[in-house]
Each structure stands twice: as structure tokens, then as C-alpha cells.
Amino acid sequence: MALGNPKGNIQLFVTRRCQLRCAYCPVRKADADMSPRTARLGVDFLMRHRSPRLRLDFGGGEPLLNFPVVREAADYAARRARALGKDLSFYMVTNAVALDDEALDWLVRRRVLLELSLDGRRPDHNRHKPALEPGLDPYAATRRGLERALAAGADFFVIAVASPADVRRLADNFEHLYSLGARSFDLSYALGSCWGREDQEAFFDQAGRIIRRHRRALARGELRLGNLSQRNEPTVLSSELMVDTDGSLHLLSEWMFESSGPSRPAPYQWGKVQDGTDINAVYWSRFHCYYTLVRMYEDQPAVRRAVLNNIDFGRRVGRFFAALGEEVHGRA
Ligand code: SF4
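In this report, we go over the structure that sits alongside the text.

### Examining the overall build of the chain
Assigned secondary structure in the chain consists of 10 helices and nine strands. Radius of gyration (C-alpha) of the chain: 19 Å, near the 20 Å computed for a compact globule of 332 residues. Counting only C-alpha atoms, the chain reaches 50 × 50 × 45 Å along its principal axes. Taken over 332 residues, the chain has a buried fraction of 55%. In the form shown here, the chain has an accessible surface area of approximately 14,600 Å², with 49% of it arising from carbon and sulfur atoms. Here the chain contributes 49 positive and 41 negative side-chain charges, whose respective centroids are spaced 3 Å apart.

Here it is in C-alpha cells:
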């Protein structure tokens, strides 16, 4: 395998602020935003990648809360990519609560692929994803964002996250999301929780129901389930390279259990975008992700148990969907 960043993308953590406090969110919130200068340096860092196809991702926190920096970084990246003859795409993880007309219009024109986080019906969604401030109904706000995205023809998929407490309603929640008009989905499971065997089986049972019910639409491509084609499992070892608000570089693995309590420092230091670090010299594998988590939480047995549990469950999830993917798409 050639050395170098194995993925031609980075994720800019443009803010650590968020309007929600999701029960399964691993990210430590703070009143910290990425500056325009740091974002541009992040883009320069990505543009040095030797791949002709690159992707700039925006995450956080809720990236729309620092929308001016998102827009500036993407416009700058598009200019740089054009000058370098690179094929550049954009991706954003969002709760869509702040998806107003101005942002939506820009996202559509820039053809940003949105990963929109909506877990299902109002009771389950709002239990998972409570608002930081009273007066905000997270379900209503995100549903409104989804409906606007649909009406505007935005490129998006819905990520629905199940937790052990509500996994037995996953198929029901999925049908609700389907009824809203979304046709592209990823099914996910809450990381950081320990999934007992019965809850794991319930996840497979519910996912199987969804696939059986929609098999024809899936086979015809009228409905897309990312799990059947491209989702990488176990998620907990499928890391991305992230740029924090201060420009420091991290593996996503370092943050997957960040809110679980204090940890040891990450075993690998990847530098800062301000240092002129060469992205082609930054290399990691699943081994680095695993070692990172094991070392960071070696004093926290409960977190280590969750890490190992999520790896074990993720391997089963990967095998489950791979087998169904062959079955569904083999019959197309
Ligand atoms: S919306 Fe996203 S960033 Fe905000 S708390 Fe939920 S999972 Fe975390």
C-alpha cells in the first residue's frame, strides 16, 4: 500500500457549538469557532493531496452555526481546485436546524452533499436529541430542514441513529422518515453505548424488516441505503482526518468517546495546518484508530468495554449488510 493519507478528504470542524445535546454525541461542546484563516489553511493542506479527486467536509458541532466560514472555505477551495485541475466535492454533516433560505440556496449551488441527522418520529428523535435551549423543538426544526432540502432539490441523505433503548422501533421510525419523502438513508447505531446481544439481534431484525419491505425499490435504485454499498464497518475504526477549530489535526477516533470523560492524550500527534504539514505524509490505518482508542482509555475500563463492544457489533453489522447488499443488488 502506498504511503500517504488513504482518503482524499478532510473534515473541517468549523465550530464546537451546537443547538442540540444528543445523547449519543461524542463531541465536547465549546464556544469555539474556526477562523477564516484557519479554514483556508485547512483547504491548502487538503489541496496538496496527490489525489486528483478530493472532498472537503464540514462538521462540528453544527457547521451551519459558522456558515460564513463554511462558505468562504468552500469558495476558496473551489478556486484552488480549479487552478490545480482537481475534481473537488463537498460534504456536510448537519442537524439542519439552522438551514435557512440563504444557506440552502448556496448549498444547492455548491452541490454540497448533506448528511442530515433525523432519527425518526418526534418522541424518539427528541429523546435522543434534546435542545440546549428551551423553546426549540428539534424534531420540528430538522423536519422543516428536510422538507426544505427536498423542495430545493438538495443532494442529501438521512442518517437515522438507533440506540439500545429504542432499537425495536427502528423500522417504524424508518417508515416515518420514508413517509416524509426522503429516499436516501444510512442506518446507524449509537456509539459509546454497550450493545447487548439481544439489542444487537433487535437491530438486525429491524434492519431486515426495512430491507424486505423495500427490496424492490432498493433493487431498482429508487431507494438508497448506504449500508448496503459503501458504509464502512466497524464505524469506530473507520476514521477520518479532522481539523479542529484551532487548526490541529486529529483522527476522528480521538473524539469518538470524547464526552465519556477524561482520557490520556492521543498517542499520535498529527501536527497543525498552520505548520505546513504535508497531507501526503500523514498515514493511518485501522490499527492506528484501534491503538489510539485503547491507549486513550486505558484508565477507563467502562469506555474500553464500550470500544470493544462497538468494534464487535460493527463487525457484525458490516457482515450483515454486505450479505444483504449482494442479495438485493444481485436480484436487480
Ligand atoms: S446535532 Fe450533531 S453535533 Fe450537535 S449534539 Fe447532535 S450529534 Fe452532536
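More follows now that the structure is in view.
### Thoughts on the packing of helix H2 (residues 67-84) against helix H3 (residues 101-109)
The geometry of H2 relative to H3 is characterised by a closest axis approach of 12 Å and an angle of 20° between their N-to-C directions. Taken together, the axes of H2 and H3 lie roughly parallel to each other. The hand of the H2/H3 crossing is left-handed. Here Phe67, Val70, Arg71, Ala74 and Asp75 of H2 lie close against H3, whose contacting residues are Glu102, Ala103 and Trp106. Within the contact of H2 with H3, the residues separate by chemical class into five nonpolar, no polar and three charged.

### Notes on H3
Three or four residues apart is the spacing at which side chains of an α-helix point the same way, because the helix has 3.6 residues per turn. Taken as a whole, H3 has its buried residues at Ala103, Leu104, Trp106 and Leu107. Angularly, the buried residues of H3 cover 165° about the axis, an arc narrow enough to put them on a single face. Among the exposed residues of H3, those oriented more than 90 degrees off its buried face are Asp101 and Arg109. Of the surrounding elements, those touching the buried residues of H3 are H2, strand S3 (87-94), strand S4 (112-117) and helix H5 (138-152). Phi turns positive one or two residues past the end of H3, at arginine 111, with a value near 55°.

Rules behind the numbers
Residues numbered from 1 in each chain as written. Predicted model: local features only at pLDDT ≥ 70, side-chain atom pairs only at ≥ 80, totals over all residues. Heavy atoms only, no water. Helix = DSSP H or I, 4+ residues; strand = E, 2+ residues; numbered from the N terminus. Rg over C-alpha atoms; globule rule 2.2 N^0.38 Å. Buried < 20%, exposed > 50% of the residue type's maximum accessible area, 1.4 Å probe, protein only. Areas by Shrake-Rupley, 256 points an atom, 1.4 Å probe, with all protein chains shown as cover. Lys, Arg positive; Asp, Glu negative; His and termini not counted. Charge placed at Lys NZ, Arg CZ, Asp CG, Glu CD. Axes fitted to C-alpha atoms, helices over the stretch in contact; angles between N-to-C directions. Parallel < 35°, antiparallel > 145°, perpendicular 65-115°, else oblique. Left-handed = near helix turned anticlockwise from the far one by under 90°. Contact = heavy atoms within 4.5 Å. Nonpolar A, V, L, I, M, F, W, Y, C, P; charged D, E, K, R; others polar. Arc of directions from axis to C-beta.

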